[in-house]
Amino acid sequence: MSQSDIRFEKVSKAYGTLRVVDDLDLNIAQGEFLSLLGPSGSGKTTILMMLAGFEAPSGGTISVGGRRVDHLPPHKRNMGVVFQNYALFPHMSVAANVAFPLEMRGVARSEIEEKVTRALDMVQLGAMKDRRPVQLSGGQQQRVALARALVFEPSVVLMDEPLGALDKQLREQMQLDIRALHKRLGLTIVFVTHDQSEALTMSDRIAVFNRGKIEQIGSPREIYDQPRSRFVAQFIGETN
Ligand code: ADP
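The name given to the protein in an unreviewed UniProt entry is Spermidine/putrescine import ATP-binding protein PotA, with Aquamicrobium lusatiense as the source organism. Its UniProt record gives the protein the following Catalytic activity (unreviewed entry) comment, quoted word for word: "ATP + H2O + polyamine-[polyamine-binding protein]Side 1 = ADP + phosphate + polyamineSide 2 + [polyamine-binding protein]Side 1." In its Subunit (unreviewed entry) section, UniProt records this for the protein: "The complex is composed of two ATP-binding proteins (PotA), two transmembrane proteins (PotB and PotC) and a solute-binding protein (PotD)."

Caption draft 1: Local environment of the overall build of the protein. Counting its secondary structure elements, the protein contains eight helices and 10 strands. Relative to the globule expectation of 18 Å for 240 residues, the C-alpha radius of gyration of the protein, 18 Å, shows essentially globular dimensions. Seen through its C-alpha atoms, the protein measures out along the principal axes to roughly 50 × 40 × 35 Å. The buried share of the protein, taken over its 240 residues, is 35%. The contacts of the protein with a sequence gap of at least 6 include a subset with a gap of at least 24, amounting to 66%.

Caption draft 2: Broad picture of the site of the ligand. Around the ligand, the neighbouring residues are Tyr15, Val20, Gly38, Ser40, Gly41, Ser42, Gly43, Lys44, Thr45 and Thr46. Examining the composition of the shell around the ligand, we find that three residues originate from one element, helix α1 (residues 44-52), more than from any other. Taken together, the residues of the shell around the ligand break down into two nonpolar, seven polar and one charged.

Caption draft 3: Layout of the environment of Leu200. When you line up the elements, Leu200 lands in helix α6 (residues 196-202). The class for Leu200 is partly exposed, based on 18 C-beta atoms found within 10 Å. Each C-alpha atom of the pair Leu200 and Arg221 lies 7.9 Å from the other, and the pair is 21 residues apart in sequence. The contacts of Leu200, once residues within four sequence positions are left out, are Pro220 and Tyr224.

Caption draft 4: Region of the structure containing unusual backbone geometry. For Asp23, which is not glycine, the phi torsion reads 55 degrees and is therefore positive. Inspection of the secondary structure puts Asp23 in strand β2 (residues 18-28). Under the C-beta neighbour-count criterion, Asp23 is labelled partly exposed, with 14 such atoms within 10 Å. Of note, Glu161 is a non-glycine position whose phi angle comes to about 45 degrees, a positive value. Among the secondary structure elements, Glu161 is positioned in the loop between β7 (156-160) and α5 (168-185). You can call Glu161 partly exposed: it has 19 C-beta atoms within 10 Å.

Caption draft 5: Inspection of the pairing of strand β4 (residues 59-64) at higher detail. In terms of strand pairing, strand β1 (residues 6-15) meets β4 through five bridges, oriented antiparallel. Within the sheet, the bridge partner assigned to Glu9 lies in β4 and is Thr61.

The rules behind each value
Residues numbered from 1 in each chain as written. Predicted model: local features only at pLDDT ≥ 70, side-chain atom pairs only at ≥ 80, totals over all residues. UniProt positions renumbered as here; feature names shortened; annotations may be inferred. Helix = DSSP H or I, 4+ residues; strand = E, 2+ residues; numbered from the N terminus. Rg over C-alpha atoms; globule rule 2.2 N^0.38 Å. Buried ≥ 20, exposed ≤ 12 C-beta atoms within 10 Å, placed from the backbone. Contact = placed C-beta atoms within 7 Å. Near = placed C-beta within 6 Å. Nonpolar A, V, L, I, M, F, W, Y, C, P; charged D, E, K, R; others polar. Pairing = 2+ DSSP bridges.

This is how it looks when you write it as structure tokens:
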């Protein structure tokens, strides 16, 4: 087992009587790009939130590199998180947005500037550091959110429909950029999407979800060429 392999064992999540994640067993290898693909309401975001530490499982265990993390608060898990709506602070500059999580954790001023510069360079936004979010395009705002997720140099980045608000051309460019970052930094990426073609083009593996359970997990080619159930065939086929 590698240092940051992620393992879900018999993980479930219920809200009242509604079981939204059902006995999930899932391994994610260090450096893997895994997409969680499925229709709205199938439990994808809940899985990501449990991994990030924003939701607690109702049962089961989550470990990273053999160490239980399911009882740890988010800031002890060293995972970057990117959401669809960016969640940037409108009154703060790009650099201040990226610096914010470092300031919250009391990182020294001298270190902050260097880390922020490095993170903004990674997403090619160094020149925009003094702008406000409103002065940026949607794609650039998403890059700021990405820089903020990378500023701690996490080995795992969790993304929840990060490109859903972008138009087609920008989305395709960001897909390439995220893939390139994944490779260059050796990141483990867990990527939630309901967009079949996005999952097929970006992932090393895809887990197709239906009602809180994995219907099928495999490479994009396996999922595309050998769907194991009617649900998977229909869901993948909707793009064509
Ligand atoms: P997906 O990301 O696949 O769209 P979610 O994980 O967001 O699915 O949601 C799965 C199910 O859990 C949905 O039916 C949703 O309404 C329900 N759910 C999510 N969060 C809560 C919550 N805090 N309280 C009650 N139900 C929730």
